[in-house]
Amino acid sequence: MPGPQSPALRRALLTAAATLLALPSAHALPTQSDSLAPLVNAYRANPGSCDGFPAAPAAPLDQQPALAQVRIGAGTFIESALERAGYAAAQAQAVYVTGPEDAQAAMNVLAQKYCKVLLSDRFSAIGSYREGATWTVVLARPAPPLPSATYPDWREAGRAILDEVNTARASARSCGKQAFPAAAPLSWNPALGDAALAHSRDMATGRYFSHRAKDGSQATDRALRAGYSWRRVGENIAFGQRSPREAVEGWLNSPGHCANIMNRDFTEMGAAYGVTPERQTGIIYWTQVFGAPR
């Protein structure tokens, strides 16, 4: 059984930038939402130049009401603001200016200061708002859906992993320096699926990553606990991948995990995922349990 070797966790790029201009006379200004979003899209359609160089047009951004609800004050991390607004982002950036009296004037300053950000193809969604004298534009690319949305029944995700694994076993391959011949397909075992689900959910709830659970159990113990009488058991774990295919690709790129997948002594398999309680920005934990029954 390989040690807890994880594919790189894809982390969101979440940053914020700001410029402060001379403040007008102190008086309360109304709060407005999304007045800048149409102006940003008009600018992306016909940017003219950026930092003194000709700029190509960019695709329009989708106006997302949730992004217009984001409030980024002093000392606020953008990821925290996005989470409060219920928006899961793979990438996000906020730019803001203080001082302009109307949306067009604010847009002129933003285009001058942040043209590269406003024209970036890293983003596909936009929201904007005005609070007092400050105009804020929030740009984002939404995160892929959690597996709980794509596979509300965890068994569907597990069987998708089984299909990917059997496709891999159908051809000879090298796992690191070790060559493996093609292997017979594995069959789904419900007890191994239950063992995988229990460990994935336990890791997600406890926010740890290990073959050894917090109660001290190992894969063999969890298989027995699930009712599987085994002759041989193996386990692969991973975290951060958003789909069964990504999880299997990561395992196949790791020699020890790949060796489990290609092991001809295994005849059955179960797999499942668990998501951290903070579902919007939650980390996904994957467990794959292999077995050969007595």
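Residues numbered from 1 in each chain as written. Predicted model: local features only at pLDDT ≥ 70, side-chain atom pairs only at ≥ 80, totals over all residues. Heavy atoms only, no water.

## Points about the overall build of the chain
- Across its full length, the chain holds eleven helices and 14 strands.
- Buried residues in the chain amount to 48% of all 294 residues.
- Of the contacts made within the chain by residues no fewer than 6 positions apart, 73% connect residues no fewer than 24 positions apart.
- Carbon together with sulfur atoms contributes 51% to the accessible area of the chain, which is approximately 13,800 Å² in total. (Helix = DSSP H or I, 4+ residues; strand = E, 2+ residues; numbered from the N terminus. Buried < 20%, exposed > 50% of the residue type's maximum accessible area, 1.4 Å probe, protein only. Contact = heavy atoms within 4.5 Å. Areas by Shrake-Rupley, 256 points an atom, 1.4 Å probe, with all protein chains shown as cover.)

## Thoughts on unusual backbone geometry
- Here the phi dihedral of Asp51 falls at roughly 55°; this positive angle occurs in a residue that is not glycine.
- Mapped onto the elements, Asp51 comes out in the loop between β3 (49–50) and β4 (53–54).
- Even without a glycine there, the phi angle at Arg207 is positive, about 50°.
- Checked against the element boundaries, Arg207 lands in the loop between α8 (190–206) and α9 (219–225).

## Observations concerning the nonpolar core
- Within the largest apolar cluster, 37 residues are counted, with the highest numbers of intra-cluster contacts made by Ile161, Trp251, Met269 and Trp286.
- At the level of elements, α7 (154–169), α8, α9, β12 (230–239), α10 (244–252), α11 (255–262), β13 (268–275) and β14 (284–293) are the ones that each hand at least two residues to this core.
- With six residues, the top contributor of residues to this core is α7.
- What Trp251 contacts, discounting residues up to four positions off in sequence, is Ile161, Asn236, Ile237, Ala238, His257, Cys258, Ile261, Trp286, Thr287 and Gln288.
- Counting 25 residues, the second largest nonpolar core, distinct from the first, contains Leu36, Ala37, Cys115 and Phe123. (Core = buried A, V, L, I, M, F, W, Y, C linked by side-chain atoms within 4.5 Å.)

## Section: the pairing of strand β6 (residues 89–98)
- Of all ten residues in β6, seven are buried; the element is thus mostly enclosed.
- Inspection of the sheet shows β6 paired to strand β8 (residues 134–142) by nine bridges, in the antiparallel sense. Bridge assignment links Thr98 to a residue of β8, and that residue is Thr134. (Pairing = 2+ DSSP bridges.)

## Observations regarding the sheet that holds β12
- Here four strands make up an open sheet; going across it, the order is β11-β13-β14-β12 and the pairing mixed. The strands lining the two open edges of the sheet, one partner per strand, are β11 (187–188) and β12.
- The sheet strands contacting α8 are β11, β12, β13 and β14, and the helix crosses β13 at an angle near 25°.
- Contacts between α11 and the sheet are confined to β12 and β14, with β12 contributing the most and set at about 135° to the helix. (Axes fitted to C-alpha atoms, helices over the stretch in contact; angles between N-to-C directions.)

## Observations regarding the packing of aromatic side chains
- Under the definition given, this model contains five aromatic pairs.
- Here Phe209 and Phe239 contribute two aromatic rings whose centre-to-centre distance is 4.7 Å and whose plane-to-plane angle is 65°, an arrangement assigned as edge-to-face. Of this pair, Phe209 sits in the loop between α8 and α9 while Phe239 sits in strand β12, and the two are 30 residues apart along the sequence.
- On the accessibility criterion, Phe239 (18% relative accessible area) is buried.
- Through a chain of ring-to-ring contacts, three or more aromatic side chains come together here, namely Phe209, Phe239 and Tyr285.
- Of note, Arg71 hangs over the ring of Tyr129, and the distance from its end group to the ring centre comes to 3.9 Å. (Phe/Tyr/Trp six-rings, centres within 6.5 Å; stacked < 30°, edge-to-face > 60°. Lys NZ or Arg CZ within 6 Å of the ring centre and 35° of its normal.)

## Overview of the environment of Ala170
- Examined against the element boundaries, Ala170 turns out to sit in the loop between α7 and β9 (173–175).
- The exposure class of Ala170 is exposed, given its relative accessible area of 53%.
- Once you skip the residues sitting within four places of it in the chain, Ala170 turns out to touch Ala182 and Ala183.

## Digging into the environment of Tyr87
- By secondary structure assignment, the location of Tyr87 is in the loop between α3 (78–84) and β6.
- Taking the C-alpha atoms as reference points, Tyr87 and Pro65, 22 residues apart in sequence, are found 9.9 Å from one another.

## A closer look at the side chain of Ser217
- Relative to the helices and strands, Ser217 is located in the loop between α8 and α9.
- Looking at Ser217, the relative accessible area reads 5%, which means it is buried.
- Ser217 has contacts with His211, Arg212, Arg222 and Arg225, leaving out every residue within four places of it along the chain.

## Focus on the state of the cysteines
- Applying the stated criterion across every chain, the model contains two disulfides.
- Each disulfide pairs two cysteine sulfurs, and for Cys50 the partner residue is Cys115, the sulfurs being separated by 2.0 Å. Across the S-S bond of Cys50 and Cys115 the torsion is about 75°, and the bridge reads as right-handed. In this pair, Cys50 sits in strand β3 while Cys115 sits in helix α5 (residues 115–118), placing the two residues 65 residues apart along the sequence. Both residues of the pair, Cys50 and Cys115, count as buried.
- Here Cys175 pairs with Cys258 through a disulfide, and the sulfurs are 2.0 Å apart. Judged by the sign of its S-S torsion, about -55°, the cystine formed by Cys175 and Cys258 is left-handed. With Cys175 in strand β9 and Cys258 in helix α11, the pair connects residues that are 83 residues apart, well separated along the chain. Neither residue differs from the other here; Cys175 and Cys258 are each classed as buried.
- If the cysteines joined by disulfides in the chain are listed in sequence order, their pairing comes out as 1-2, 3-4. (Disulfide = S-S within 2.5 Å.)

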